[in-house]
Amino acid sequence: MAHADPDSANTLRRMVEGYQVSQAIHVAATLGIADLLADTRRTSDELAAATGTHPPTLYRLLRALASLGLLHELEGHRFELAALGQPLRSDVPDSVAGWAAFVGRPYYWQAWSGLLHSVRTGENAFRHVHGTDVWAYRSAHPEESAVFDRAMTTLSRRANAALLATCDFGRFRMLVDVGGGNGALIAAVLAAHPGLQGVLFDQPHVVSAAAALLARAGVAERCRTVGGSFFEAVPEGADAYVLRAVIHDWEDEDAIRILAQVRRALGEGGKVLIVERVIAPPDEGRDAKFSDLNMLVGPGGRERTREDFVALLEHAALQLERVLDAGGFCVLEAVAADT
């Protein structure tokens, strides 16, 4: 009988217990521990006073995080932020603080408990656990919508920088950001291209919160906000439409409906820029494949292969022109199909 290698068993055990690490980091992000240690050392008692937590129990959390390399524990229960913990700060370009604060929220955590149900049935775990879809849930719980929006904003900073470095938005006259959330992407694009006009399009309650972000970026005068449903219509009159992390939220039928609305709005010679992860060959591409499970659990969509995207585009009277690598994501550039 074969026996597992002890190192393999330990590695696997730590993977099995990974939810404990995730929850500990979530708590630290929610409390803002990294921001409090940004440029100083503090004792666990000082951090407890600043965060309104129980001092002995906070120390237990901090020493566990130090064992992971996120913090350094010094004499006298003092702590400092380690290099690995720097992205937990909210004020750094590659921050993951918003994402860490989101993924441990009870309602989303509970949805992952339905993964087995999804695997057995093919059904969406979030709807199974909560009795509604994730969009309706957040609409009814604005505090959760705000946490989600912050997570998307922090995650998008690095992705937006890679996208700007990859894709030449300067060739366009007007860009519509379809499903653009609170405007982080279009604000970055417009700031980098002063001659470009923009339209931020999403659900009314989402775009209503975008004004402050667009103003801070100095692009409010060049960006119109439009509320609506991309299943019904998309603003017309632009020569470019970008959909970043939108299509993966939906199964094929709904994804085709969205793309078909974009095709109807697309002007002569216009471009459709789909920014998504693309599923890699077997045994490769961990991020996209676990993101695919996240889509199964949360929104109810999926990540796709290049061939899957080609099929979706064909059903929406679009054709893939080229694919660009944008730092973990791909830009799938499409045009109207020949008729």
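So, here's what we can say about the structure.

Cut-offs applied
- Residues numbered from 1 in each chain as written.
- Predicted model: local features only at pLDDT ≥ 70, side-chain atom pairs only at ≥ 80, totals over all residues.
- Heavy atoms only, no water.
- 1 Å grid on protein atoms, 1.4 Å probe; cavity = no way out; pocket = protein on both sides within 12 Å on 5 of 7 lines; lining within 4 Å.
- Points joined across faces, edges and corners; volume = space filled by probe spheres on them.
- Helix = DSSP H or I, 4+ residues; strand = E, 2+ residues; numbered from the N terminus.
- Nonpolar A, V, L, I, M, F, W, Y, C, P; charged D, E, K, R; others polar.
- Pairing = 2+ DSSP bridges.
- Contact = heavy atoms within 4.5 Å.
- Axes fitted to C-alpha atoms, helices over the stretch in contact; angles between N-to-C directions.
- Left-handed = near helix turned anticlockwise from the far one by under 90°.

## A closer look at the layout of surface pockets
Part 1 of the argument: Considering only enclosed or pocket space, the second largest pocket measures out at about 480 Å³ in volume.
Part 2 of the argument: As for the second largest pocket, its lining consists of 23 residues, of which Gly98, Ala146, Val147, Arg150 and Thr154 are closest to the centre.
Part 3 of the argument: Listed by contribution, the elements that provide at least two residues to the lining of the second largest pocket are helix H2 (18-31), helix H3 (33-36), helix H6 (97-103), helix H11 (142-166) and helix H14 (211-216).
Part 4 of the argument: A total of 7 residues in the lining of the second largest pocket trace back to one element, the largest contributor, which is H11.
Part 5 of the argument: Grouping the amino acids of the lining of the second largest pocket by side-chain chemistry returns 9 nonpolar, 8 polar and 6 charged.

## Observations regarding the sheet that holds strand S2 (residues 71-74)
Working definition: the strands of a sheet are paired by backbone hydrogen bonds and lie parallel or antiparallel to each other.
Part 1 of the argument: In spatial order, the strands read S1-S3-S2; together these 3 strands make up an open sheet with antiparallel pairing. Sheet topology places strand S1 (42-43) and S2 at the edges, where each strand pairs with a single neighbour.
Part 2 of the argument: Strand direction decides the pairing type here: S1 and strand S3 (residues 78-81), joined by 2 bridges, are antiparallel. Following the sheet pairing, Arg42 is matched in S3 by Phe79.
Part 3 of the argument: Helix-sheet contacts for helix H5 (residues 55-68) involve S2 and S3, and the interaxial angle to S2 is about 115°.

## Observations concerning the packing of H11 against helix H12 (residues 184-192)
Part 1 of the argument: Viewed as axis vectors pointing N to C, H11 and H12 meet at an angle of 35°, and their least axial separation amounts to 9 Å. The way H11 lies across H12 gives a crossing that is right-handed. Within the contact between the two elements, H11 uses Thr153, Ser156, Asn160, Leu163 and Leu164 and H12 uses Ala184, Leu185, Ala188, Val189 and Ala192.
Part 2 of the argument: Class assignment for the residues of the contact of H11 with H12 results in 7 nonpolar, 3 polar and no charged.

None of the figures reported here should be taken as evidence of function without further support.
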